[in-house]
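# Coordinates in review
Single-letter residue listing:
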Amino acid sequence: MSDLSINPTLTRKILTGFIRSEITRAGFQRAVIGLSGGVDSALSCYLAAEALGPEQVLAVRMPYKTSSSDSWEHAGLVIEELGIQFLDVPITEMADPLIERFPGMSNLRQGNIMARTRMIVLYDQSEAFNGLVVGTGNKTEILLGYSTLYGDSACAINPIGDLYKTQVRQLAGDIGVPAVIVDKAPSADLWAGQTDEDELGFTYAEVDQLLYLLVDHRYRPEDLVEAGFDPAFVAQIIQRVRRNQFKRVLPLIAKLSNRTIGYDFLYLRDWGT
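Residues numbered from 1 in each chain as written. Predicted model: local features only at pLDDT ≥ 70, side-chain atom pairs only at ≥ 80, totals over all residues. Heavy atoms only, no water.

### Observations concerning the sheet that holds strand S2 (residues 57-61)
What the four strands build is an open sheet, ordered S3-S2-S1-S4; its pairing is parallel. For this open sheet the edge positions go to strand S3 (85-88) and strand S4 (132-133), each flanked by a neighbour on one side alone. Along the sheet, helix H2 (residues 39-52) contacts strand S1 (31-34) and S2; its crossing angle with S1, the most-contacted strand, is approximately 165 degrees. Across the sheet, helix H5 (residues 107-129) touches S1, S2, S3 and S4, and the angle it forms with S1 is around 160 degrees. (Pairing = 2+ DSSP bridges. Helix = DSSP H or I, 4+ residues; strand = E, 2+ residues; numbered from the N terminus. Contact = heavy atoms within 4.5 Å. Axes fitted to C-alpha atoms, helices over the stretch in contact; angles between N-to-C directions.)

### Some remarks on the pattern of salt bridges
In a structure, side chains of opposite charge can pair up when their charged atoms sit close to one another. Under the counting rule described, the total for this entry stands at ten salt bridges. Between Arg25 and Glu22 there is a salt bridge, and its shortest N-O distance comes to 3.1 Å. One end of the pair is Arg25 and the other is Glu22, both in helix H1 (residues 8-25) and three residues apart, which spans about a single turn. Its relative accessible area of 38% is what places Arg25 among the partly exposed residues. Linking Asp264 and Lys255 is a salt bridge whose minimum nitrogen-to-oxygen distance equals 2.3 Å. Take Asp264: its relative accessible area is 34%, and that puts it in the partly exposed class. Several salt bridges share partner residues, and in doing so they unite Lys139, Asp162 and Asp216 into one network. (Salt bridge = Lys/Arg side-chain N within 4 Å of Asp/Glu carboxyl O. Buried < 20%, exposed > 50% of the residue type's maximum accessible area, 1.4 Å probe, protein only.)

### What to know about the packing of H1 against H2
In the contact formed by H1 and H2, the axes pass within 9 Å of each other and the chain directions differ by 65 degrees. Between H1 and H2, the angle is such that the two are roughly perpendicular. Here H1 and H2 pass one another in a crossing that is right-handed. Residues Arg12, Leu15, Thr16, Ile19, Arg20 and Ile23 of H1 pack against Leu47, Ala48, Glu50, Ala51 and Leu52 of H2. (Parallel < 35°, antiparallel > 145°, perpendicular 65-115°, else oblique. Left-handed = near helix turned anticlockwise from the far one by under 90°.)

### Some words on the environment of Lys247
The residue Lys247 is located in the segment after helix H12 (231-243) in this model. When the C-alpha positions of Lys247 and Leu149 are compared, they lie 6.4 Å apart, and in sequence the two are 98 residues distant. Setting aside chain neighbours within four positions, we find Lys247 in contact with Gly145, Ser147 and Leu149. At 2.8 Å, the side chain of Lys247 forms a polar contact with the backbone oxygen of Gly145. (Polar contact = N/O pair within 3.5 Å; in protein donor to acceptor, adjacent residues only side chain to side chain.)

What follows is the structure, encoded as structure tokens:
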């Protein structure tokens, strides 16, 4: 199968340099990160603390009433290990009025409300702490659309968005994220007992192999089948990647003028600095 291994030392150097340069280029010195207790947000915290210094990083824990106690404790391990600043903002009293407004609301809708409530908190703290929100979504999630638009996918910069989940675990283990976090079953912790892989219907190990060949090596569907993947699995993943393209681009603007934002009016992110 495909080799997803990375050079941890080089990757770490590139990503800490990315965080440092992009945050300072925007005129900031600080980072705000939603710390869930999972490996993705833990890795972003470790990288940001190394890039900027622990005193320049604010980790925000935002539990809901059904959140796992393990998530809280594991986030605490990261805070203690790194010595970063932290803030606890429970979201139950913010999310529940909307959830209770619609009896029988599905778990998916409730989860989206929680994710977007957390992002409200993070962007408020971005202003209060004078720091940029650093993302925690990995390449697997981004490609599959396994995130909430304007929720956990929202951020100013994302240092781990080009790492598949398999690679996130590898780098997290190398950088010193506690093994109890690296090795546990991934979960968005949006409702009791929820795990990513149960919800997705496949493992990250399986889908990372396929995505790596499909995206990074431009394999065609027939190439993937020839490589040993089940045709139905190949079709399922390709359809999911295509269906969720809208989550990976800015909202489309109807073109009327000679220069339309996003089409002809194109400048680098740091144009005004």
